[in-house]
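Survey of secondary and tertiary structure
Next come the chains, spelled out residue by residue.
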Amino acid sequence: MEASNVLRGTPDALTPEALAPLAHHYIDAPARFLPALHSAFQRLTPWERMVWTLQDKPHPTPTPRGLTVRRLEPRDAPALAALDPDASWIHDAWGGPAGLASSGHGWAAVDRAGDLLAVASTHFRGTRYEDVSVFTRSDHRRLHLGLACVTALCADITARGHQPSWNCSTLNRASRLLAWTAGFRLVREYVHHAAGSPIWNGLPTPGGRPSGETAAARGSR
């Protein structure tokens, strides 16, 4: 998921021209900014989100026979690249499969053939928190492989002195359930907005839809 652009302070000095570079991106801003944003973009679509932090122990996650949950290694880059195209978001934050495989911030459920069945990784890393992402192949869901990877990753994050965090749509029941099962608890809810084309001289400029988290990506949790 693409990070939101954050607006704080006072919107008084903001003009449509100043806001135009935020077109086709997500914007996290208090309600007082909405009039300025509506005047700057042809479309402004709200997206309700939830923030969770790790506060409890995860449910037990026995690993099925023949599978191993381990840290990703550089040799796993081809297997990451071979995942479904809908999974590319999980390594995009690291510059691609090779970046995530060599980062030391990813865990995977791996079969005897070396195929990756589920992957959990740090998606955004701050000075205090590390936001967790997870993808499970569609043919291996309901085996708790994503949960096993998240549990291993969270132990790793905690050992680094950071706190695991989780961010998902309020509508993504699968993601919320996995977060709860992994020991995350809700901290806050917020709304960010997908900005459409900028309005300039009364006419929208060409452009596509905002990039970011897809339903298929977060639904794969």
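The structure reproduced in this document is the subject of the present report. The structure displayed is predicted, hence computed values, not measured ones.

1. Here's the deal with the environment of Ser 121
Along the chain, Ser 121 turns up in strand E6 (residues 116–125). By relative accessible area, which is 0% here, Ser 121 ends up buried. Excluding its chain neighbours within four sequence positions, the residues that come into contact with Ser 121 are Ile 90, Leu 100, His 105, Gly 106, Asp 131, Val 132, Ser 133 and Leu 153.

2. Describing the pairing of strand E8 (residues 163–169)
Within E8, six of the seven residues are buried, leaving the element largely enclosed by the surrounding structure. Looking at chain direction, strand E3 (residues 44–54) and E8 are connected through five bridges and run antiparallel. Following the sheet pairing, Val 51 is matched in E8 by Asn 167. Relative to E8, strand E7 (residues 129–136) runs parallel, the two being bridged by three bridges. Within E8, the residue paired with Glu 130 across the bridge is Pro 164. Following the backbone out of E7, through helix H6 (residues 145–159) and into the adjacent parallel E8, one traces a crossover that is right-handed.

3. Section: the nonpolar core
Side chains that are nonpolar tend, in soluble globular proteins, to be buried together. The biggest cluster of nonpolar side chains holds 24 residues, and the ones touching the most others in it are Trp 52, Val 132, Val 150, Trp 166 and Phe 184. Going through the elements one at a time, E3, strand E5 (106–110), E6, E7, H6, E8 and helix H7 (173–181) are the ones with two or more residues in this core. Considering every element that reaches this core, the biggest residue donor is H6, with eight residues. When neighbours within four sequence positions are excluded, Trp 52 is seen to be in contact with Pro 164, Ser 165, Trp 166, Cys 168, Arg 176, Ala 179, Trp 180, Phe 184, Arg 185, Leu 186 and Val 187.

4. Re the packing of aromatic side chains
Applying the stated criterion across every chain yields a total of two aromatic pairs. Seen from their ring centres, Tyr 26 and Trp 47 are 5.3 Å apart, and the 40° between their planes marks the pair as tilted. You can see Tyr 26 sitting in strand E2 (residues 26–28) and its partner Trp 47 sitting in strand E3, a full 21 residues away along the chain. One exposure class covers both Tyr 26 and Trp 47, and it is buried. Note on Trp 166 and Phe 184: the rings are 5.2 Å apart at their centroids and 55° apart in plane angle, and the pair reads as tilted.

5. Some remarks on the pattern of salt bridges
Applying the stated criterion across every chain, the model contains nine salt bridges. In this structure, Asp 139 engages Arg 137 in a salt bridge whose closest nitrogen and oxygen atoms are separated by 2.9 Å. According to the relative accessible area criterion, Asp 139 is exposed, its value standing at 52%. When its relative accessible area of 24% is taken as the criterion, Arg 137 is described as partly exposed. In the salt-bridge network here, residues are joined through shared partners; they are Arg 71, Arg 125, Glu 130, Asp 156 and Arg 160.

Reading the values: rules and limits
Residues numbered from 1 in each chain as written. Predicted model: local features only at pLDDT ≥ 70, side-chain atom pairs only at ≥ 80, totals over all residues. Heavy atoms only, no water. Helix = DSSP H or I, 4+ residues; strand = E, 2+ residues; numbered from the N terminus. Buried < 20%, exposed > 50% of the residue type's maximum accessible area, 1.4 Å probe, protein only. Contact = heavy atoms within 4.5 Å. Pairing = 2+ DSSP bridges. Right-handed = clockwise from strand over helix to strand, strands pointing away. Core = buried A, V, L, I, M, F, W, Y, C linked by side-chain atoms within 4.5 Å. Phe/Tyr/Trp six-rings, centres within 6.5 Å; stacked < 30°, edge-to-face > 60°. Salt bridge = Lys/Arg side-chain N within 4 Å of Asp/Glu carboxyl O.

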